[in-house]
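# What the coordinates show
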Amino acid sequence: GYQGFQDFKLQLSQDIATDGGDDESKPKRLADEMADSILQAYKQLDYEECLRVADKIIGARKLCVFAVGNTQIAALALKARLIKAGINAENASDNHAQAIITANLSKNDLLILFSVSGGTLDIIKLAEIAHANGTPVVVITNYSKSPLSKYADYLLYTSRKEAAYEGGSLATVASQIYITDVLCT
């Protein structure tokens, strides 16, 4: 049985999304989803905006890269790429630490925020704090008309839309990591 209508809708959407194929088709489906996610991010890529962000990264006195949940994977990937290039980037996974660090940023620094939905309250709060400090904010999100987007000085889009039952699929993370690679090359 179901615990309620919401539980029923979630199970129904999961059942509809299941391809019903055999176990051997699942790896292919996952590979196709990841490849499609990256291709869609490429198709809507604003390369000029990426170049502007890259210039801000290079010129920032202090650089912070924050996210929560599965999106933290992409934030850590960007941090690792930047460190390899000799650019120090700070990352914290604790929401309170993120807020304290962000509160100490200035107009000479740069805050990069990842959020698939653009509606994650903890990430929006960081953007508000940075905005109040005059700190430039880069937002990497799937949705252009999100609450987070209004705080962006620089906006980069990933493209894969997630169903509620997916909750942070790695195909979405792959499109975010694609954007980080574009920024670092």
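Refer to the structure printed above.
For the structure given in this document, a descriptive report is provided here.

### Quick word on the packing of helix α4 (residues 72-84) against helix α7 (residues 170-184)
Between α4 and α7, the shortest axis-to-axis distance is 9 Å and the interhelical angle comes to 25°. The angle between α4 and α7 places the two elements in the roughly parallel class. Judged by the twist between their axes, the crossing of α4 over α7 is right-handed. Contacts from Ile-73, Ala-74, Ala-77, Leu-78, Arg-81 and Leu-82 of α4 reach α7 at Leu-170, Val-173, Gln-176, Ile-177, Thr-180, Asp-181 and Cys-184. Partitioned by chemical class, the residues of the contact of α4 with α7 number nine nonpolar, two polar and two charged.

### Remarks on the pairing of strand β2 (residues 110-115)
Summarising burial for β2: six of the six residues are buried, a large majority. Of the two faces of β2, the one holding Leu-110, Ile-112 and Phe-114 and the one holding Leu-111, Leu-113 and Ser-115 are both buried throughout. The sheet contact formed by strand β1 (residues 63-66) and β2 spans four bridges and is parallel. Of the residues in β2, the one forming a bridge with Cys-64 is Leu-111.

### Regarding the environment of Ala-77
Looking at the secondary structure, you find Ala-77 in helix α4. We classify Ala-77 as partly exposed; its relative accessible area is 23%. Sequence-wise, Ala-77 and Gln-176 are 99 residues apart; in three dimensions their C-alpha atoms are separated by 9.4 Å.

### Some points on the nonpolar core
Counting 24 residues, the largest nonpolar core has Leu-63, Val-65, Ile-112, Phe-114, Val-138, Ile-140 and Leu-156 as its most contacted members. Taken together, the elements giving at least two residues each to this core come down to α3 (47-59), β1, α4, β2, β3 (137-141), β4 (154-157) and α7. When neighbours within four sequence positions are excluded, Leu-63 is seen to be in contact with Ile-57, Leu-82, Ile-87, Asn-88, Ala-89, Glu-90, Leu-110 and Ile-112. One finds Leu-111, Ile-123, Ile-124 and Val-137 within the second-largest nonpolar core, a separate group that totals 17 residues.

### Considerations on a nonpolar patch on the surface
A cluster of nonpolar residues, Met-34, Ile-73 and Leu-170, forms a patch on the protein surface that exposes about 250 Å² of accessible area. Counting through the fold element by element, Leu-170 comes out in helix α7.

What counts, and at which threshold
Residues numbered from 1 in each chain as written. Predicted model: local features only at pLDDT ≥ 70, side-chain atom pairs only at ≥ 80, totals over all residues. Heavy atoms only, no water. Axes fitted to C-alpha atoms, helices over the stretch in contact; angles between N-to-C directions. Helix = DSSP H or I, 4+ residues; strand = E, 2+ residues; numbered from the N terminus. Parallel < 35°, antiparallel > 145°, perpendicular 65-115°, else oblique. Left-handed = near helix turned anticlockwise from the far one by under 90°. Contact = heavy atoms within 4.5 Å. Nonpolar A, V, L, I, M, F, W, Y, C, P; charged D, E, K, R; others polar. Buried < 20%, exposed > 50% of the residue type's maximum accessible area, 1.4 Å probe, protein only. Pairing = 2+ DSSP bridges. Core = buried A, V, L, I, M, F, W, Y, C linked by side-chain atoms within 4.5 Å. Patch = residues over 30% accessible without salt bridge, like charges linked within 9 Å, V, L, I, M, F, W, Y side chains within 5 Å. Areas by Shrake-Rupley, 256 points an atom, 1.4 Å probe, with all protein chains shown as cover. Salt bridge = Lys/Arg side-chain N within 4 Å of Asp/Glu carboxyl O.

Function cannot be read off these values alone, since they describe shape.
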